[in-house]
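Below are the chains, spelled out letter by letter.
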Amino acid sequence: MPSTVEKLNPTRVKLTIEMPFAELQPKIDAAYKQISEQVNLPGFRRGKVPARLIDQRFGRGAVLQQAINDAIPDAYSKAVQDNELFPLGQPDIEVSKLEDGDVVELSAEVDVRPDFDIPDFSGIKVEVEPAKVSDEDVNERVELLRERFANLKEVDRAAKDGDVVNFDLSATQDGEPVPDAESNGMQYRVGAGGMVDGLDEALVGMKAGDEKSFSSKLVGGSHGGQDVDIKVTVNKVNEQELPALDDDFAQLVSEFDTVDEMLADLRDNLERMARIGQANEARDKIVEQVVEKVPFELPPAVLEADVKGYHDQIENQLNQSGLTLEQYLEEAEDEKADTPEEFWAEIDKRAEQGLRAQIVLDKLAEEQNVGVSQEEFTQLILQKAQQNGTTPEQELQHMSEHNHMPEWMGEVRRGKALNTIVDEAVVTDTDGNAVDLKHLQADGTIAEPAADEKAEDADKAEDAKADKPAKKPAAKKPAAKATKAAASKAAPKADKKPAAKKPAAKKPAAKKPAAKKADEAPADDAK
């Protein structure tokens, strides 16, 4: 099955594939048999209808269309392999020539990976924030635990910050009730935030039985972002009685017998989380440098699809949280963008960077002959199940139904290719300390390196210090407050690269050819 390739531009090619009828004949025979088993003609049993009657009843073109479409996946895959192409999307395939009994010619245009050389990635140096845990960080977690296990005591006084209030809430607009904006028996800790603006201020000073009205904007629903009049009626004011921070409390909320053991474990958990966050920051910065080292042109259609995927994902997150983008930008303390335009510009930039990184790492994995072991693939399934709140069996079923295995295997291979670059990179924090990513485990612990590795890491750290100019430690970003919980859930994961997109599993179907014999041309509805 001969094929030729024509380069249309640096990222798109046209394949011309010839299929002699001798090679197509088994598909034609199978198409006749399948149609014969589906039709019911008087005098013939199912599956025994002669080919000539099928041609008379349905037309030879319908048979050829089915046979050609069945043959296209294998023909296209073989042409891609023979011409050593790396497609980045679904092909546009049409039958450009059809001579019944002689030959079928296919034309396939597809976006492909551009040509580039993998440079030397050794010597990459990045700087990250220190993975420090302060006493304040630990105390904040302790207070959250105490609040979670606090007792509520009803009090006959006005509400104040920290009290848990039971209340009814309703909203009207121009005197008319707002649908889906009425709730009874809501329980809320005053000062927690995350609800309508003005609620905390209204609740402070109210006692059981008090009513108060104020104007605000609804956060979500069909009237999200619109001005309404809100009435709140307090049913009960509860005071939180926080448990004492003692050994009894430690035994209640943890597996430890003493409060000192609980606090030590809590600090250890925070330190491990900090190291994981630091590692993610380092890997992102390493990826940025990798992309900068390999300039190449991207296929516009592929980039547009990736950008759209980012936009759709973020908009879904915002919709699920009942927030508009403007509300999210106002609520999120760690978001740098001030306007939707700035926000989407940054997202588009990250989408392009993610696509470029995917292409580079795919080629690096191929050059390094990176494979995927059964253990590595099993680990990926377990991680996906944990992230999605499913079982490994459900993830495997989803993978099978949607043909995700090549895509998911690609994720593992890219991760391993990136690890080879990360292991060689010099990573230091802003205090000048070396950061060990090579031995960082998935749970945030550090494995003990071998003696020769210790010496090598020490040399890298000394080299990094020698090249590093004097610099003041960067100010640590303040932790997001609990009052921003709702906004944080909706925050787009800008530092998270989306999974690599794979061409749809659907078979590429041939477009209708410009054939001289109309009755032999494949029908449009068979695409």
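Keep in mind that what you see is a predicted model, and the values were worked out from it rather than measured.

Here the focus is the overall build of the chain. Looking only at helices and strands, the chain has 15 helices and 12 strands in total. In the chain, which comprises 527 residues, the share counted as buried stands at 36%. Across the chain, the fraction of contacts at a sequence separation of at least 24, relative to all contacts at a separation of at least 6, is 69%. Of the roughly 29800 Å² of accessible surface on the chain, a fraction of 47% belongs to carbon and sulfur atoms.

Attention now goes to the confidence of the model for the chain. The predicted model of the chain averages 82 in pLDDT, with 83% of residues at 70 or higher. Within the model, pLDDT remains below 50 along residues 468-527, and this stretch shows 119 contacts once partners closer than five positions in the same chain are excluded.

A word on the sheet that holds strand β2 (residues 12-20). Strand order in the open sheet made by the four strands is β1-β2-β4-β3, with antiparallel pairing throughout. Each edge of the open sheet is held by one strand with a lone partner, namely β1 (3-9) and β3 (92-99). Going from strand to strand, the sheet's axes swing by 20° on average, the running direction of each strand aside. Alignment of β2 against strand β4 (residues 103-111), held across nine bridges, turns out to be antiparallel. Along β4, the bridge assignment pairs L15 with A108. Lying over the sheet, helix α3 (residues 60-82) contacts β1, β2, β3 and β4, oriented at roughly 125° with respect to β2.

Moving on, we come to a negative patch on the surface. On the surface, D246, D247, D248, D257, D260 and E261 cluster together into a negatively charged patch. Those elements that provide at least two residues to the negative patch are α6 (247-253) and α7 (259-293). Since its relative accessible area comes to 30%, D246 is described here as partly exposed.

So, about the pairing of β4. In summary, the side chains of a regular strand alternate between the two faces of the sheet. Of all nine residues in β4, seven are buried; the element is thus mostly enclosed. Adjacent in sequence and paired antiparallel, β3 and β4 are bridged by three residues, among which G101 carries a positive phi angle near 90°.

Right, let's get into helix α1 (residues 21-38). Relative to the 26 Å expected for 18 residues at 1.5 Å per residue, α1 spans 24 Å between its end C-alpha atoms, a close match to the ideal helical length. Restricting attention to buried positions, one finds in α1 the residues F21, L24, I28, A31, Y32, I35 and S36.

Take the packing of helix α10 (residues 340-367) against helix α13 (residues 405-424) next. Contact geometry for α10 and α13: axes closest at 8 Å, N-to-C directions at 85°. Classed by the angle they form, the pair α10 and α13 counts as roughly perpendicular. Note on element contacts: α13 touches α10 through R413, R414, A417, L418, T420 and I421, opposite Q358, L361, D362, L364, A365 and E366. Considering only residue class, the contact of α10 with α13 consists of six nonpolar, two polar and four charged.

The next subject is the pairing of β3. Judged from the seven bridges that link them, β3 and β4 form a sheet pairing that is antiparallel. In the sheet register, L98 faces β4, and the bridge partner there is V104.

Relative to the helices and strands, E143 is located in helix α4 (residues 135-148). Since its relative accessible area comes to 31%, E143 is described here as partly exposed. When the C-alpha positions of E143 and P243 are compared, they lie 9.9 Å apart, and in sequence the two are 100 residues distant.

This part covers the packing of aromatic side chains. Each aromatic ring pair is described using two quantities: the centre-to-centre distance and the angle formed by the ring planes. Taken as a whole and assessed by the stated rule, the structure comprises four aromatic pairs. Ring centres of F116 and F296 lie 4.8 Å apart, and the angle between their planes is 15°; this geometry places the pair in the stacked category. Of this pair, F116 sits in the loop between β4 and β5 (125-128) while F296 is found in the loop between α7 and α8 (300-321), placing the two residues 180 residues apart along the sequence. Across this residue pair, the class does not change: F116 and F296 are buried. Relative to F343, the ring of Y328 has its centre 6.1 Å away and its plane inclined at 70°; by these criteria the two rings are edge-to-face. A residue pair is termed long-range when its members are at least 10 positions apart, and Y328 in helix α9 (residues 325-331) and F343 in helix α10 qualify at 15 residues. Residue Y328 is classed as buried on the basis of its relative accessible area of 1%. In this structure F343 comes out as buried when scored by relative accessible area, which is 2%. Here a set of aromatic residues connected by ring pairs shows up, and it is made of Y328, F343 and W344. Its end group placed over the ring of F86, R113 keeps NZ or CZ at 3.9 Å from the ring centre.

Thresholds applied
- Numbering of residues starts from 1 in each chain and follows the order in which that chain's sequence is written.
- Only residues with pLDDT of at least 70 are given local features in this predicted model, and only at 80 or more are side-chain atom pairs given and counted; all residues enter the totals for whole chains, interfaces and linings.
- Hydrogens are left out, water is left out, and the side-chain values use all remaining heavy atoms of the structure.
- Counting from the N terminus, the helices are the DSSP runs of H or I reaching at least four residues and the strands are the DSSP runs of E reaching at least two.
- Think of it in three bands: with a 1.4 Å probe and only protein chains considered, a residue is buried below 20% of the maximum accessible area for its type, exposed above 50%, and partly exposed in between.
- Should any heavy atoms of two residues lie within 4.5 Å, those residues are counted as being in contact.
- Using the Shrake-Rupley algorithm and a 1.4 Å probe, accessible areas are obtained, with residue cover drawn only from the displayed protein chains.
- Scored from 0 to 100, pLDDT records how confident the predictor is in each individual residue.
- In this scheme, strands are said to pair when DSSP sees at least two bridges between them.
- Throughout, an axis means a line fitted to C-alpha atoms (over the contacting stretch in the case of helices), and angles, computed between N-to-C directions, take values from 0 to 180 degrees.
- In this analysis, a patch consists of residues with relative accessible area above 30% that form no salt bridge, clustered at 9 Å for like charges and at 5 Å for the nonpolar side chains Val, Leu, Ile, Met, Phe, Trp and Tyr.
- The term salt bridge refers to a pairing of a side-chain nitrogen on Lys or Arg with a carboxyl oxygen on Asp or Glu at a separation within 4 Å.
- Asp and Glu are treated as the negative residues and Lys and Arg as the positive ones, with His and the ends of the chain left uncounted.
- Throughout, a charge is located at the NZ atom of Lys, the CZ atom of Arg, the CG atom of Asp or the CD atom of Glu.
- A helix is expected to span 1.5 Å multiplied by its residue count minus one.
- These descriptions rest on fixed angle ranges, namely under 35 degrees for roughly parallel, over 145 for roughly antiparallel, 65 to 115 for roughly perpendicular, and the rest for oblique.
- Ten residues, namely Ala, Val, Leu, Ile, Met, Phe, Trp, Tyr, Cys and Pro, are considered nonpolar, four, namely Asp, Glu, Lys and Arg, are considered charged, and the remaining ones, Gly among them, are considered polar.
- Working definition: rings of Phe, Tyr and Trp (its six-membered ring) pair if their centres are within 6.5 Å, and the pair is stacked with planes under 30 degrees apart, edge-to-face with planes over 60 apart, and tilted otherwise.
- A ring is considered to have a charge above it if a Lys NZ or an Arg CZ atom is located within 6 Å of its centre and within 35 degrees of its normal.

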